[in-house]
Amino acid sequence: MRGPSRRLSQRLGRGFVRGLPFLWLALFFLVPFAVTLKISFSSPATAQPPYLPVLEWDGGLEGWREFFEALDFQNYQMIAADALYRDAALSSLGYAALATAILVLIGTPTAYAMARASARWQPILVALVIVPFWTSFLIRVYAWIAILKPEGLLNAALIKLGLIAAPLPILDSPFGVLIGLTYAYLPFMVLPLYAVMSRLDPALTEAAADLGAGRARAFFTVTLPLSLPGLAAGALLCFIPMVGEFIIPDLLGGSDTLMLGRVLWSEFFSNRDWPLASAVAVLLLILVVGPVVLFREAELRREEAAEGAQR
Amino acid sequence: MAVDGVSFDLAGGEFFCLLGPSGCGKSTLLRMVAGFETPDSGTIRLGETDLTALPPHRRPVNMMFQSYALFPHMSVAANLAYGLKGLGLGRTQSAERVKALLRLVRLEGFEARRPDKLSGGQRQRVALARALAREPRLLLLDEPLGALDRALREETQGELRAIQRRLGTSFVVVTHDAEEAMALADRIGVMERGRLVQVGPARELYERPASRYVAGLLGDVNLIDGRLGRAEPGGVRGVETALGLLRASGEGEAGNAVVVAIRPERLVVSGEGEGEGDDLSGRLRGRLTEATFLGDRIRYRVEMANGSTLRASAVLPASGPIPAVGETVAVAVPADAARILPA
């Protein structure tokens, strides 16, 4: 091949490579979301699939008109009217926020210690953070049941030590959910923080010490502010999936734990109300994407302000 | 071991320079004084205070880092004020100090800038001012001009000296650039593989180096191997070399293998038959293979009878001919400029 045809094939090749991620997003995110959105405007039905209307491809223009007329906001109105969904959303946000705060408190010193470890130790420490991913997530959560249950490892140890007389009800409690969330998401907090902290010029903390700052002041005035991008990334990476988390509250939280993921699950599988479940899914997406958009906005505005201050 | 058996004393208000190639331990030594490295043995004192056991933030010593290490998330003023906390200064006193520092490094009006919006030279001056903020008795500077381009470096050398003189603070600079060391320092300490091999004013080191290492580090030098002869009157010694008998100054036991070191600008190159009347002992004959015009001087390469090459340089004569390439020339080696060094 030569000349224009070669250039054309090159351009096509490049376009394909560039378009691949978009194609991926469209196929596996946008299309399923559109389907979910459509179902959320439908009505439940005892049918296969369990909702109405279903688009008849040979119905012509009239068929399309009927299809769109059958869609409504009924499910959303129902969700708005029922306090259960609001409570589930608030409680999900609460769990996620609290767990994120705990993760920040545990993850920051962990990442800091890793970043300050000798060059020989750092890859080993990173590997140790990643190693749990080699075991199934589900199995690791089941392991926590064995640790947290009344006759489990933790309670047995506490009783042996004489710290408590009777087993603490940690499993099937909000505390159990928090332990599970913190455990499962810690790597997602530690790794972005470590990535930022390990790239900071060590001379910066030395300069702080040289200028009279003790370790604490050097950390809070230099290291931590410069690690905020990593902290923000880690917090988002944990907060967003935690809001919709299903397995951890289901296995460790007992039947009283109210979280959106569980509501969603029971609407789909227990009640077989796909339209309502889809509406909850759409609201969940809005709930978790909202903070991200706000965060990005704030970031952009801050950058603009910083640039504006220069002029 | 990066630093071994180094010992030197610093006079108050002195500008001292540690000179050596990278990896010779000069930065490690500086970091020990600042407290970032711990010596296995020995002490570091400042006046009456033993610093050895003090952590960096308790030492009355400040350091200017090679990378400057300016805090990127703080303004220039906040960078300068960082070290003032804990000195017991009031708010107005702190502001006054920051203002004075900005004036000292001629950066008035840059208070609110972030470091990434400054030029390299401005960043360098902020780093210097920040290191001076706590009014240390001793300031350590790690390659302070290393990141600047050539033209800026010369100008900044002058500024650095002027600031040091005005404040009377002792400065210890680490550099690998001999010219910079000579331009800045009252005294230079030459380091070789973790040891301090010679300490003295620039001129002393340049003219009377203690070893071929020091001689080569401070500038271009011709090194001629030879064997030391007996002492002659006037402290001059004969040295038997492949180029013939040279007369040089220095100490040593007769019969020892030695090196004669001579700077290119101290060799006198002349056309054959010229300057016969001058009292230039040890004239050597060679063939001029290269004469490079450099504006303020001319550089010669002379091939000697034994095939070795001598490098010479001279200020251009106001008039008169200069030897042509290919010509046979006479090279005079003044005995007072030829130094005898251990082989």
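Above: the structure in question.
These remarks concern the structure in this document.

About the thresholds
Residues numbered from 1 in each chain as written. Chains lettered and ligands numbered in written order. Predicted model: local features only at pLDDT ≥ 70, side-chain atom pairs only at ≥ 80, totals over all residues. Heavy atoms only, no water. Pairing = 2+ DSSP bridges. Helix = DSSP H or I, 4+ residues; strand = E, 2+ residues; numbered from the N terminus. Buried < 20%, exposed > 50% of the residue type's maximum accessible area, 1.4 Å probe, protein only. Core = buried A, V, L, I, M, F, W, Y, C linked by side-chain atoms within 4.5 Å. Contact = heavy atoms within 4.5 Å.

Quick word on the pairing of strand β9 (residues 222–231) of chain B
Regular strands show a simple pattern: their side chains alternate between the two faces of the sheet. All names here are of chain B. Both β9 and strand β12 (residues 257–262) contribute to a ladder of six bridges, which runs antiparallel. Bridging from a neighbouring strand, L223 pairs with A261 of β12. Here β9 pairs with strand β10 (residues 236–241) via four bridges, running antiparallel. Bridge pairing in β10 places G226 opposite T241.

Quick word on unusual backbone geometry
In this structure, the amide linkage connecting Q48 of chain A to the following residue, P49 of chain A, adopts the cis form with an omega of -5°. Residue placement: P49 of chain A occurs in the loop between β1 (43–44) and β2 (51–52). Cis peptide bonds are those with omega within 30 degrees of zero, and the linkage from L52 of chain A to P53 of chain A qualifies with -5°. Of note, P53 of chain A is situated in the loop between β2 and α2 (60–69). Notably, Y68 of chain B is not glycine yet its phi reads approximately 70°, a positive angle. Here Y68 of chain B shows up in the loop between β4 (61–64) and α2 (76–81). Its identity as a non-glycine residue notwithstanding, E143 of chain B has a phi of 45°, on the positive side. Judged by relative accessible area, E143 of chain B falls into the buried class, the value being 7%.

Describing the nonpolar core
Grouped together as the largest cluster of nonpolar side chains are 56 residues, with contacts concentrated most on L181, Y185, M242, I248 and L252 of chain A. By residue number, the principal contributor to this core is helix α8 (residues 174–199) of chain A, which donates 11 residues. Contacts of L181 of chain A, omitting those with residues within four sequence positions, involve Y95, A99, M242, E245 and I248 of chain A. Counting residues in hydrophobic clusters, the runner-up holds 43 residues, among them F15, L101, L141 and L184 of chain B.

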